[in-house]
Amino acid sequence: MSKKKRRIVVKVGTSTITNELGNSKLRTMEELALAISDLQNMGNEVVLVSSGAIAVGANKMRLGEKPREMRMKQAAAAVGQCENMFLYDKFFGYYDKTVAQILLNAEDIRQEEKKENLTNTFEALLENKIIPIVNENDSVSYTEIESEDKLFGDNDMLSAVVAVLCRADMLIILSDIDGFYDKDPRFYKDAKLISRVEEIDDSLYELAGGAGSRRGTGGMRTKLQAAELATSQGINTLVVNGSKLSALYSLMNGGKEGTLFVAKHN
Ligand code: ADP
């Protein structure tokens, strides 16, 4: 990949920014803020899509375990979103960056007028070198919390929708794993990383298995759906390991990391 300035959407999942106790992984969040600030300093425009509100909120509310009841999940999302934005604001602030919160639900994308407003908001923020931090509005909608089939399903799909909306050049999905393998590495020790995918078809979905880690929600399946949408709109999509943020620097310098789903050029 060349060094030209790009518009990049970076998605980070719950399992990357929280630990098994539901506490925030402060070091990862700080490193993420540093890497994204550097990407911006190189002249790129960056949008961050971040999950993790419910896990962080449940922990802060001392619920003991992830809430099951919808109203408690939505309450936890409200508490956790606030905490996440506080941490991001602080960490990005170290590097003199301004962040903005955008909370979306499916309706905001379906209605043409709202969609246009949203596009304009993203443009205005990016023009002013602000880093938009996007999440699904879990306290109002319930697509991520409840359903697998609705528009966003989880934030993987949200990140692809945002990438299309912002006409991004690249979507980078940070996961708890190095990329897309020929089988689930949790169960198969001999699983091999697939570094480049030109065509996302049914046979690929079969390799993805079910939902992933306990704290993450989507597994590889929703990452494939996100990659399918983004690549169909001409956006290169990468799945890389969120615990190795040096990969972001390597990618900017033309390195090959994780799995690249190659954009279609219609
Ligand atoms: P995140 O929270 O980072 O979005 P998820 O836990 O939702 O991550 O999804 C990643 C998980 O998907 C991996 O840890 C892995 O166990 C599982 N998985 C299933 N099939 C595959 C595959 N073919 N390649 C890589 N990971 C897979």
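## Section: the pattern of salt bridges
Counted under the stated rule, the structure contains 16 salt bridges. We note a salt bridge from E123 to R167, for which the minimum N-O separation is 4.0 Å. Of this pair, E123 sits in helix 6 (residues 112-127) while R167 is found in the loop between helix 8 (155-165) and strand 5 (170-175), placing the two residues 44 residues apart along the sequence. Overall, the relative accessible area of 25% leaves E123 in the partly exposed class. Accessibility expressed as a relative area gives 59% for R167, which makes it exposed. Salt bridges linked by common partners bring R7, E45, E123 and R167 together as one network.

## Some points on the pairing of strand 4 (residues 130-136)
Of all seven residues in strand 4, seven are buried; the element is thus mostly enclosed. Burial of the side chains of strand 4 extends over both faces: I130, P132, V134 and E136 are buried on one face and I131, I133 and N135 on the other. Pairing analysis gives two bridges linking strand 2 (residues 45-50) to strand 4, with the strands arranged parallel. Across the sheet, the residue bridging to L48 is I133, located in strand 4. Pairing geometry for strand 3 (residues 98-104) and strand 4, over seven bridges, is parallel.

## As for the packing of aromatic side chains
Aromatic ring pairs are reported here in terms of the distance separating the ring centres and the angle at which the planes meet. Within this structure, the stated rule accounts for four aromatic pairs. Note on Y94 and Y95: the rings are 6.4 Å apart at their centroids and 80° apart in plane angle, and the pair reads as edge-to-face. For Y94, a relative accessible area of 49% corresponds to the partly exposed category. Taken together, F91, Y94 and Y95 form an aromatic cluster joined through their ring pairs.

What counts, and where the lines are drawn
- Residues numbered from 1 in each chain as written.
- Predicted model: local features only at pLDDT ≥ 70, side-chain atom pairs only at ≥ 80, totals over all residues.
- Heavy atoms only, no water.
- Salt bridge = Lys/Arg side-chain N within 4 Å of Asp/Glu carboxyl O.
- Helix = DSSP H or I, 4+ residues; strand = E, 2+ residues; numbered from the N terminus.
- Buried < 20%, exposed > 50% of the residue type's maximum accessible area, 1.4 Å probe, protein only.
- Pairing = 2+ DSSP bridges.
- Phe/Tyr/Trp six-rings, centres within 6.5 Å; stacked < 30°, edge-to-face > 60°.

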